[in-house]
Amino acid sequence: MGIYIISNRSVDSTGKKFLNNGKEKARPSFRIAKVNNPESKRLSYKILLDNYPEGYKKVVEKLESKEPDKIILAGSESMFYDLYTDTICYKHDLQKEGGKKKIVKNDILFFIHGFSTGFKSSLNHAKKLYELYVKNDQSPIRHIVYLSWPSRNSKLFTYGGDQDDARDTGAILARIFRKTQNFYQELFDLANKEYCLGRIHMMAHSMGCQVLETFMQTIAKEKYLPIISEVLLLHADVQDNIFEKGESFSYLKNISRRVHIYIHNGDDALRISRFTKNGTKRLGQRGPRDISILNDETFIVDVSDNDESVSLYEEIIDHWGYLERDLEIEDIINVLNGKRENFISTRKKDIHGRKNYFLIN
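Residues numbered from 1 in each chain as written. Predicted model: local features only at pLDDT ≥ 70, side-chain atom pairs only at ≥ 80, totals over all residues. Heavy atoms only, no water.

A. Fine view of the overall build of the chain. For the chain, the count of helices and strands is eleven helices and eleven strands. Taking 2.2 N^0.38 as the reference for a compact globule, 361 residues should give roughly 21 Å; the C-alpha atoms of the chain span a radius of gyration of 20 Å, in line with that estimate. C-alpha extents for the chain along the principal axes are approximately 60 × 50 × 45 Å. Sorting the 361 residues of the chain into buried and exposed places 56% on the buried side. Across the chain, the fraction of contacts at a sequence separation of at least 24, relative to all contacts at a separation of at least 6, is 73%. Carbon and sulfur atoms provide 51% of the accessible area of the chain, an area that totals close to 16,800 Å². Taking the average place of the 56 positive charges on the side chains of the chain and the average place of its 50 negative ones, the gap between the two points comes to 3 Å. (Helix = DSSP H or I, 4+ residues; strand = E, 2+ residues; numbered from the N terminus. Rg over C-alpha atoms; globule rule 2.2 N^0.38 Å. Buried < 20%, exposed > 50% of the residue type's maximum accessible area, 1.4 Å probe, protein only. Contact = heavy atoms within 4.5 Å. Areas by Shrake-Rupley, 256 points an atom, 1.4 Å probe, with all protein chains shown as cover. Lys, Arg positive; Asp, Glu negative; His and termini not counted. Charge placed at Lys NZ, Arg CZ, Asp CG, Glu CD.)

In structure tokens form, the structure reads like this:
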């Protein structure tokens, strides 16, 4: 089990650290780092060797080699190789246990953070996600791949810059997605390698959904495999018409199995975003403007009535339930496990809308 960091932040002169000076801007390329020990109190990481050649022939060679240690991989080659070999080994371990029914902990969570998150904050955030969604025995997540784009720690005067960088990062996410598609093609279609049990889920919080918005605009007219299982949009800081025909999120159904939109009517972070920065209603506060156009695998989960005891900051802002509120976390884990929407015990159906659900205390 582990954590990978993908970032288009600048790297220092040694090539060993991502910069965190508050002046970062989105770069047109990205580097990949592997967290050394996700169980440690303070995360450290190693940036992988850069990789320029396209394709994953070396990954196939390493898988087939009798001396795999002699084949050095870099960048996405190394990450994909590690993730694949670990999930294959876990699949075989499960089979040796005699096929007992249990949570199959073999999935990958790809996470996109939101506004005001410096690189050090990204590490702390990834650590929290690991504790909640990997170490939890009920969760199917085995690995986290965390996209750390160059937003800054300050909560004042940086929204506009972060918004620009979020949009620029969408193009980087498109490159990552294409690389993943190429990996699937070369490993499974061309090399005929064994499939693993693992699924890929995508989770985006707040302004991270603006990264996702640009990503979908970039790939909307391309041909691609639906390699994402669950997409979870958490308190999304994007406009509420984004699922309408021709808008970017209307294409999410083409790359994923299901989409769940988590909203909170009292989300003050999104209220501030609307009235001081954007001027349009935000998806994560009221949901899509027109729910009739949602496909049959896109659902709204209203967490507004969840009155659990939480930190004072979350009590006031209502924006980080996926980290702070046990009921919301449990609901998310049910989604990641693939439970059908009508059979998730943490929620009830809204009688006024077949795609709407409320969390129940």
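Let us keep going from here.
B. Geometry of the sheet that holds strand β10 (residues 347–349). Ordered in space as β3-β2-β1-β5-β4-β6-β7-β8-β9-β11-β10, the eleven strands form an open sheet in which the pairing is mixed. The outermost strands of the open sheet, each flanked by one partner alone, are β3 (45–47) and β10. The mean angle between the axes of side-by-side strands here comes to 25 degrees, regardless of whether they run parallel or antiparallel. Pairing of β10 with strand β11 (residues 356–359) involves three bridges; the strand directions are antiparallel. When the bridges of β11 are listed, K349 appears paired with Y357. The strands that helix α3 (residues 119–133) touches are β1 (2–7), β3, β4 (107–112) and β5 (141–148); relative to β5, the one it contacts most, it runs at about 160 degrees. (Pairing = 2+ DSSP bridges. Axes fitted to C-alpha atoms, helices over the stretch in contact; angles between N-to-C directions.)

C. Looking closely at the pattern of salt bridges. Counted by the stated rule, this structure contains 20 salt bridges. A salt bridge links R142 to D86, with the nearest nitrogen and oxygen atoms 2.6 Å apart. Remark: D86 occurs in helix α2 (residues 75–96) and R142 occurs in strand β5; sequence separation between them is 56 residues. Residue D86 is classed as partly exposed on the basis of its relative accessible area of 22%. (Salt bridge = Lys/Arg side-chain N within 4 Å of Asp/Glu carboxyl O.)

D. Region of interest: the pairing of strand β9 (residues 298–302). Across the five residues of β9, five count as buried, placing the element largely inside the fold. Of the two faces of β9, the one lined by T298, I300 and D302 and the one lined by F299 and V301 are each fully buried. The pairing of strand β8 (residues 256–263) with β9 spans five bridges and is parallel. In the sheet register, Y262 faces β9, and the bridge partner there is V301.

E. Seen up close, the nonpolar core. Counting residues in each nonpolar core, the largest one holds 59 residues, and the members touching the most others are L212, L233, F243, F249 and L252. If you tally residues by element for this core, the top one is helix α4 (residues 159–190), at nine residues. In this view, F249 contacts C209, L212, E213, M216, L233, V238, I242, F243 and L283; residues no more than four positions away in its chain are not counted. With 37 residues, the next largest nonpolar core counts I3, L132, Y146 and V303 among its residues. (Core = buried A, V, L, I, M, F, W, Y, C linked by side-chain atoms within 4.5 Å.)

F. Local environment of the side chain of N306. Within the element layout of this structure, N306 appears in the loop between β9 and α9 (312–317). Contacts of N306, omitting those with residues within four sequence positions, involve R325, L327, E328, L359 and N361.

G. Seen up close, helix α11 (residues 326–336). Across the eleven residues that make up α11, a large majority, nine, are buried. Burial in α11 covers these residues: L327, E328, I329, D331, I332, I333, N334, V335 and L336. Phi for G338, located one or two positions after α11, is positive at around 85 degrees.

H. Seen up close, the pairing of β4. A large share of β4 lies buried, amounting to six of its six residues. Here β4 shows no split at all, with D107, L109 and F111 on one side and I108, F110 and I112 on the other all buried. Relative to β5, β4 runs parallel, the two sharing six bridges. Pairing of F110 across the sheet is with V145, part of β5. Chirality of the crossover, the property in question, places the unit of β4, α3 and β5 among those that are right-handed. Across five bridges, β4 lies against strand β6 (residues 200–205) in parallel orientation. Considered in β6, the bridge of F111 is made with M203. (Right-handed = clockwise from strand over helix to strand, strands pointing away.)

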